[in-house]
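Here are the chains, one letter per residue:
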Amino acid sequence: MRVYCDLDGTLIRGDLEREFVGYLQSTGSFTIRNYLLALISIPANKLRRKQERGSIYKSWTVGFTAEEKDRLFSDFLENETEKLEIRADVLGLLEEYKSSGSQIILMTGSYRELVLAFLKKKHMVNIFDEVIACEVKENGFCVSQHPYGKDKCLFLKKDMPLIGIANEYADRFYLDQCSVAYVVGKDEKLKRIADEKKWRCL
């Protein structure tokens, strides 16, 4: 079997990238260019989110070298992760499926490099056979992939039975394509669908 698990609000209680962007703002790490590009990215991405599709621009990733990003990730993860508590029930479920031979895939809309740094910090890299996350093009502004909402379905490999674990109403599209679906958290709209479709609640 292949298990697809969401990150924000599912495996962790908070939102990794949102917390990191807040950290960048609080430390004065943005330049005027980041804020100007945000005038383009925020409204464009809000429209996409209303359509339950992935973002097409990302303004905070512009202007940082690989070394600067690594340093910022490290500083953030050392000091600012109290809001990113790991859900023991979800982690336990993943470990159970892993021990039975299932492939475990983390599928998240958060920025890939940040996600990998987080997993390394939490000693969780070995749990996942694959990490599917948001990636940007070389210019740092245009998004090359953003697994969110309907777009998560593009990454499903259906050559074996699928299991999905998620927390958000926008995740219903990919959960509906899974043989077994688990719902986490307090999204009432998602819970109503879970009741109708006999999905499992954690």
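The paragraphs below set out a description of the structure included in this document. (Residues numbered from 1 in each chain as written. Predicted model: local features only at pLDDT ≥ 70, side-chain atom pairs only at ≥ 80, totals over all residues. Heavy atoms only, no water.)

Looking at the nonpolar core
Formed by 39 residues in total, the largest nonpolar core has its most connected members in Leu11, Leu16, Phe20, Leu94, Phe128 and Ile165. When neighbours within four sequence positions are excluded, Leu16 is seen to be in contact with Leu7, Asp8, Phe76, Leu84, Ser110, Leu114, Val115 and Phe118. Counting 17 residues, the second largest nonpolar core, distinct from the first, contains Leu162, Cys178, Val183 and Trp199. (Core = buried A, V, L, I, M, F, W, Y, C linked by side-chain atoms within 4.5 Å. Buried < 20%, exposed > 50% of the residue type's maximum accessible area, 1.4 Å probe, protein only. Contact = heavy atoms within 4.5 Å.)

A closer look at a nonpolar patch on the surface
On the surface, a nonpolar cluster with roughly 460 Å² of combined accessible area is contributed by Ile32, Tyr35, Leu36 and Leu39. Relative to the helices and strands, Tyr35 resides in helix H2 (residues 32–50). We classify Tyr35 as partly exposed; its relative accessible area is 42%. (Patch = residues over 30% accessible without salt bridge, like charges linked within 9 Å, V, L, I, M, F, W, Y side chains within 5 Å. Areas by Shrake-Rupley, 256 points an atom, 1.4 Å probe, with all protein chains shown as cover. Salt bridge = Lys/Arg side-chain N within 4 Å of Asp/Glu carboxyl O. Helix = DSSP H or I, 4+ residues; strand = E, 2+ residues; numbered from the N terminus.)

Description of the packing of helix H1 (residues 16–26) against helix H5 (residues 112–121)
Running from amino to carboxyl end, H1 crosses H5 at an angle of 100°, the nearest separation of the two axes being 10 Å. When the axes of H1 and H5 are compared, the pair comes out roughly perpendicular. Contacts from Leu16, Glu17 and Phe20 in H1 reach Leu114, Val115 and Phe118 in H5. Its residues placed into classes, the contact of H1 with H5 shows 5 nonpolar, no polar and 1 charged. (Axes fitted to C-alpha atoms, helices over the stretch in contact; angles between N-to-C directions. Parallel < 35°, antiparallel > 145°, perpendicular 65-115°, else oblique. Nonpolar A, V, L, I, M, F, W, Y, C, P; charged D, E, K, R; others polar.)

Some points on the packing of helix H3 (residues 66–79) against H5
Relative to each other, H3 and H5 sit at 45°, their axes nearing to 10 Å. With respect to each other, H3 and H5 are oriented oblique. Crossing angle aside, the handedness with which H3 passes H5 is right-handed. Across from Lys69, Phe73, Phe76, Leu77 and Glu78 in H3, the residues of H5 making contact are Glu113, Leu114, Ala117, Phe118 and Lys121. (Left-handed = near helix turned anticlockwise from the far one by under 90°.)

Remarks on the environment of Tyr174
Relative to the elements of secondary structure, Tyr174 occurs in helix H6 (residues 172–175). If sequence neighbours within four positions are ignored, Tyr174 has contacts with Tyr4, Cys5, Asp6, Met107, Lys152, Cys153, Leu156, Gly164, Ile165 and Ala166. Of the polar contacts made by the side chain of Tyr174, one reaches the backbone oxygen of Ile165; its length is 3.0 Å. (Polar contact = N/O pair within 3.5 Å; in protein donor to acceptor, adjacent residues only side chain to side chain.)

Focus: the side chain of Ser59
Tracing the backbone through its elements, the reader meets Ser59 in the loop between H2 and H3. Given a relative accessible area of 12%, Ser59 falls into the buried group. A polar side-chain atom of Ser59 sits 3.3 Å from a polar atom in the side chain of Ser41. With residues up to four places along the chain from it excluded, the contact list for Ser59 reads Asn34, Leu37, Ala38, Ser41 and Phe141.

Some points on unusual backbone geometry
In terms of backbone geometry, most residues other than glycine have negative phi values and most peptide bonds are trans. Notably, His123 is not glycine yet its phi reads approximately 55°, a positive angle. Of the residues examined, His123 reaches a relative accessible area of 73% and is grouped as exposed. With phi around 65°, Lys198 is a residue other than glycine that occupies positive phi space. Positionally, Lys198 belongs in the loop between helix H7 (188–197) and strand E7 (200–201).

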